[in-house]
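Coordinate analysis (summary)
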Amino acid sequence: MTPRRLGRPLIRLETVDSTNRAAAELAGQGAAEGTVVVAEVQTGGRGRLGRSWSSPRGGLWLTTILRPPATAGETVATLALVGGVAVAEAVGRLTSWLDQPPEVRVKWPNDVHLNGRKLAGILGQVCPPDAVLLGIGLNLNVSPEELPFDVRSLATSLGREAGRFMDPSASLEVLFAELSHWYGRWLDEGFAPIRRRCLDLSATIGRPVRVSGPDLELEGEAVDIMDDGALLVRTGGRDTVVRSGDVSVRTQ
Ligand code: BTN
């Protein structure tokens, strides 16, 4: 496997509206694959489905420019899962020294959960003609009290779960090592190894879920992740392929 070095050049900004917006500008000017924009604070952080993403000081807010061979919708969906697996693996490494390491899970389509609360979100975005932007927001040392009231009880931070301040530079290094590894596998082997790891780390597979999306509402069991990154949900005998939306695990 040819190692890919994502994370260089690393462009550090104090404050920006959105690292995805800044990275789109750089991609349009021809910035190389692997270029990363990281900011201390975002004033207009973007989340999935047109939502905003609260980004106070203390988090890792960054966007990596990728130039994959194609940029179709399924490419972006599977690359968002590359991001999810890489973040989950990095978090596993960063907490492996704890007596009781927290439980890290990938929650389809693009969240990483720690001990059942949201730690990170990934925003994959096509940047025509040939780039994909992988935005990662990770609550490193942001305490949930600094987040908007409606997400506070659902969120956590790595520092809080680890019980100590997490060093941002060291955390970024581990994150880029994992991102480089899993993106390299995606390029060389396709989505299959990432899909397998996603299934191992999944918070939803085999569990009763509720899906609410732009054009669909359903309840069922999450049974699989498809070759194109979609989620398969079974209701009675009927399978539905879910490509976008929010998935919550139902407690029975
Ligand atoms: C989600 O909705 O869960 C995805 C959130 C993605 C947030 C990150 S923070 C860095 C990058 N810049 C943005 O504006 N958004 C992404």
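Thresholds, definitions, all that
- Residues numbered from 1 in each chain as written.
- Predicted model: local features only at pLDDT ≥ 70, side-chain atom pairs only at ≥ 80, totals over all residues.
- Heavy atoms only, no water.
- Near = heavy atom within 4 Å.
- Polar contact = N/O pair within 3.5 Å; in protein donor to acceptor, adjacent residues only side chain to side chain.
- Areas by Shrake-Rupley, 256 points an atom, 1.4 Å probe, with all protein chains shown as cover.
- Helix = DSSP H or I, 4+ residues; strand = E, 2+ residues; numbered from the N terminus.
- Nonpolar A, V, L, I, M, F, W, Y, C, P; charged D, E, K, R; others polar.
- Pairing = 2+ DSSP bridges.
- Axes fitted to C-alpha atoms, helices over the stretch in contact; angles between N-to-C directions.
- Contact = heavy atoms within 4.5 Å.
- Buried < 20%, exposed > 50% of the residue type's maximum accessible area, 1.4 Å probe, protein only.
- Core = buried A, V, L, I, M, F, W, Y, C linked by side-chain atoms within 4.5 Å.
- Parallel < 35°, antiparallel > 145°, perpendicular 65-115°, else oblique.
- Left-handed = near helix turned anticlockwise from the far one by under 90°.

With that settled, consider the site of the ligand. Taken together, 19 residues surround the ligand, and among them S18, Q42, R46, R48 and K118 come closest. Between the ligand and T19, the relevant distance is 3.0 Å, taken from a nitrogen atom to a side-chain nitrogen or oxygen of the residue. Here an oxygen atom of the ligand sits 2.7 Å away from a polar atom, N or O, in the side chain of K118. Here the ligand, which alone exposes 420 Å², has 98% of that area covered by the protein. Among the secondary structure elements, those contributing two or more residues to the shell around the ligand are α1 (19-28), β3 (60-66), β6 (117-127) and β7 (131-138). Among the elements that take part in the shell around the ligand, β6 stands out by supplying 4 residues, more than any other. For the shell around the ligand, the residue count by class is 5 nonpolar, 10 polar and 4 charged.

A few words on the sheet that holds strand β2 (residues 36-42). With mixed pairing, 7 strands are arranged side by side in an open sheet as β1-β2-β3-β7-β6-β5-β4. The strands lining the two open edges of the sheet, one partner per strand, are β1 (10-16) and β4 (104-107). Averaged over all pairs of adjacent strands, the angle between strand axes in this sheet comes to 20°, irrespective of strand direction. In this structure, β1 lies alongside β2, joined through 6 bridges in parallel fashion. Counterpart to V16 in the pairing with β2 is Q42. Here α1 sits on the sheet in contact with β1, β2, β3, β6 and β7, set at roughly 25° to β3.

A few words now on the environment of E40. Topologically, E40 is positioned in strand β2. Relative accessible area serves as the criterion here: at 37%, E40 is assigned to the partly exposed category. In this structure, the C-alpha to C-alpha distance between E40 and G59, residues 19 residues apart in sequence, is 7.2 Å. In contact with E40, other than residues within four places in its own chain, are L13, E14, S55, P56, R57, G58 and W61.

For the rest of this paragraph, the subject is the nonpolar core. Ranked by size, the top nonpolar core spans 56 residues in total, and within it L62, V87, V91, L138, L158, I194 and L231 carry the most contacts. Top contributing element to this core by residue count: helix α2 (residues 73-94), with 12 residues. Grouped together as the second largest cluster of nonpolar side chains are 11 residues, V16, A22, A31 and A39 included.

With that out of the way, let us pick up the sheet that holds strand β8 (residues 208-213). Strand order in this open sheet of 5 strands is β11-β10-β9-β8-β12, and the pairing throughout is antiparallel. The open sheet terminates on both sides in strands that have one partner only, identified here as β11 (238-242) and β12 (246-249). Shown here is a sheet whose adjacent strand axes are inclined to one another by a mean of 45°, direction ignored. In the sheet, strand β10 (residues 231-235) pairs with β11 via 5 bridges, with the strands oriented antiparallel. If you follow L231 over to β11, its bridge partner there is V242.

In this section: the environment of R243. Summarising the element assignment, R243 is placed in the loop between β11 and β12. Between the alpha carbons of R243 and L218 there is a distance of 13 Å; along the sequence they are 25 residues apart. Excluding its chain neighbours within four sequence positions, the residues that come into contact with R243 are W108, D228 and A230. A polar atom in the side chain of R243 sits 2.4 Å from the side chain of D228.

For the rest of this paragraph, the subject is the packing of α2 against helix α5 (residues 168-189). At their nearest, the axes of α2 and α5 sit 8 Å apart, and the two run at 140° to each other. When the axis of α2 is compared with that of α5, the two are oblique. Crossing of α2 over α5 shows right-handed handedness. Seen from α2, the contacting residues are T75, T78, L79, V82, G83, V85, A86, V87, E89, A90, R93 and L94; seen from α5, they are S171, V174, L175, A177, E178, L179, W182, Y183 and W186. A per-class count over the contact of α2 with α5 returns 14 nonpolar, 4 polar and 3 charged.

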